[in-house]
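Take a look at the letters that make up each chain.
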Amino acid sequence: MMKFFAENTEQLNLLAGTTVILPVVTIGNVGQLAIDLVMHSCGFKKLGALESDAVVPVVGRDAFSTSSPDFTTSLEVFFLASASLTVVQQRSPVVKGQTAQFVQEMWAWIEEMGFKQVIVLGSLDASRRLDFHLAGSQLRFVSYPSHDQSHDEQLRQLGWLPLESDGASVVLRPTSVALRLCSYAQQVGSKLRVTVLCPFCSEGNNTPEAIVMADCLACLFDLPKGLLIVVIAPLLVSLYVCRVVIFSLSPLADHLALAQDWRLPGHANSYVAIPPQIESASDRPDVLLVSDAQQIAIILELTCRIEERFDVAHDLKDEKYRHF
């Protein structure tokens, strides 16, 4: 049986009627990365921890601060009152052979808390794609009940496509926790809306997929904007976030459309420096665009590199802006 250890039992009634987001451990851990981005940017408050025999026990230091005396466990519950969002951050996998038990325990807890809808964050193995998966968007979703057209249309507008039924069994493993949660809701005839977001990806640096997923969550729940710093280099687009909720891999033109007051700090006879109100740093980008009204800064870096130094050049750019 899953147990909930709340830090403040008086806050438990706040969860009823909210949306719960469940990032499950899967390929690339995209869901965990996306949720950490959103929680760190929005100021989610920790409510407590869940304990289940079906999840591998883990304990470590605070995930968001190296100086905090708090620690992190396998399943933690966070809450953001302004957006009516609850997050169950899962940081260790389900014990082998215990998927069914975990799904049943998690669903029982969801119903006990009285959530209004469930968002499950997972991923799909890019190596198992079929030919028709290769072209177009690599973002997929599965929803229950399937007749909720308005919700599905909103996801389509954000670039997510419904998972094709043809070949789905090849792409999705039957033991997938994300899909088992959705099918279990259908099995028990639940009235809760369940949505599974699952981009195609491989193990490695899954930051881009996490940013796209975080962007989707920000749009779905109208999370506030903050300061967005975009670092753009040829052949590679990397985003570095500072007090931001909206994360995007959209083309530069999409970012430019967000504001009308763009300015270029510096001039032809002086180097470009990042304004001190954004960050006290000595970095000198090639081009810097700043919108004071929207609090957006776009950094463009020109990178001319030969194939033999591709990884070295990437590491240099990554290190240059890592502190953001």
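Quick notes on the rules
- Residue numbers run consecutively from 1 along every chain, following the written order of its sequence.
- Thresholds applied to this predicted model are a pLDDT of at least 70 for local features of residues and 80 or more for the giving and counting of side-chain atom pairs; totals over whole chains, interfaces and linings are not thresholded and use all residues.
- Heavy atoms from the whole structure form the basis of all side-chain values; hydrogens and water molecules are not counted.
- A fitted line through C-alpha atoms represents every axis, and for helices the fit uses only the stretch in contact; the resulting angles, taken between N-to-C directions, go from 0 to 180 degrees.
- Secondary structure follows DSSP: runs of H or I at least 4 residues long count as helices, runs of E at least 2 residues long count as strands, and numbering of each begins at the N terminus.
- Angle categories: roughly parallel below 35 degrees, roughly antiparallel above 145, roughly perpendicular from 65 to 115, and oblique for all the rest.
- Less than a right angle of anticlockwise turn of the near helix away from the far helix marks a crossing as left-handed, whereas a clockwise turn marks it as right-handed.
- We call two residues in contact whenever any of their non-hydrogen atoms come within 4.5 Å of each other.
- Three categories are distinguished: nonpolar for Ala, Val, Leu, Ile, Met, Phe, Trp, Tyr, Cys and Pro, charged for Asp, Glu, Lys and Arg, and polar for the others, with Gly belonging to the last.
- A score from 0 to 100, pLDDT tells how confident the predictor is in each residue.
- Note on definitions: salt bridges are taken to be side-chain nitrogens of Lys or Arg within 4 Å of carboxyl oxygens of Asp or Glu.
- Relative accessibility under 20% of the residue-type maximum defines a buried residue, over 50% an exposed one, and the middle range a partly exposed one, all with a 1.4 Å probe and only protein chains included.
- Buried residues of nine kinds, namely Ala, Val, Leu, Ile, Met, Phe, Trp, Tyr and Cys, make up a nonpolar core once their side-chain atoms join them within 4.5 Å.
- At least two bridges found by DSSP between two strands are what make those strands a pair.

Undergrad: Would you take a moment to explain the packing of helix 1 (residues 30-42) against helix 6 (residues 207-220) for this structure?
TA: Helix-helix packing: each pair is described by the crossing angle between the helix axes and the interaxial distance. Contact pair helix 1 / helix 6: the axes reach a minimum separation of 8 Å and the direction vectors enclose 55°. On the basis of the axis angle, helix 1 is oblique to helix 6. Helix-helix and strand crossings are classified by hand; for helix 1 and helix 6 the assignment is right-handed. Contacts between helix 1 and helix 6 involve Val30, Gly31, Leu33, Ala34, Ile35, Leu37 and Val38 from the first element and Glu209, Ala210, Ile211, Met213, Ala214 and Leu217 from the second. Residue composition of the contact of helix 1 with helix 6, by class: eleven nonpolar, one polar and one charged.

Undergrad: Looking at this structure, I do not really get the confidence of the model for the chain. What am I missing?
TA: Low pLDDT marks stretches whose predicted atomic positions should not be read closely. For the chain, per-residue confidence averages 78 on the pLDDT scale, and residues scoring 70 or more make up 76% of the total. For residues 225-250, every residue scores under 50 in pLDDT, and the model assigns this stretch 88 contacts once sequence neighbours within four places are set aside.

Undergrad: So what exactly am I meant to see when it comes to the pattern of salt bridges here?
TA: Here the idea is simple: oppositely charged side chains can pair when their charged atoms come close. In this structure the tally under the stated criterion is three salt bridges. For the salt bridge of aspartate 36 with arginine 91, the shortest nitrogen-to-oxygen distance reads 2.8 Å. Separated by 55 residues along the polypeptide, aspartate 36 in helix 1 and arginine 91 in the loop between strand 7 (85-90) and helix 2 (99-113) bring together distant segments of the chain. The closest approach of N and O atoms between arginine 140 and glutamate 164, which form a salt bridge, is 3.1 Å. Separated by 24 residues along the polypeptide, arginine 140 in strand 10 (residues 139-144) and glutamate 164 in the loop between strand 11 (161-162) and helix 4 (168-171) bring together distant segments of the chain. Overall, arginine 140 belongs to the buried group, its relative accessible area being 1%.

Undergrad: How should the nonpolar core be read in this particular structure?
TA: The tendency in soluble globular proteins is for nonpolar side chains to be buried side by side. If you look at the biggest cluster of nonpolar residues, it comprises 42 residues, and the most contacted ones within it are Met106 and Trp109. Elements that contribute at least two residues to this core include exactly strand 2 (19-23), strand 3 (45-51), strand 6 (75-80), helix 2, strand 8 (117-121), strand 10, helix 5 (177-187) and strand 12 (193-201). With residues up to four places along the chain from it excluded, the contact list for methionine 106 reads Met2, Leu22, Leu50, Val88 and Leu181. Leu80, Ile119, Ala214 and Cys216 belong to the second-largest nonpolar core, a separate cluster that totals 31 residues.

Undergrad: How should the pairing of strand 8 be read in this particular structure?
TA: Here is the key point about a regular strand: its side chains alternate between the two faces of the sheet. For strand 8, the buried fraction is high: five of the five residues fall into the buried class. The two faces of strand 8 match: Gln117, Ile119 and Leu121 on one face and Val118 and Val120 on the other face are all buried. As paired strands, strand 2 and strand 8 are joined by five bridges and run parallel to one another. Bridge assignment links isoleucine 21 to a residue of strand 8, and that residue is isoleucine 119.

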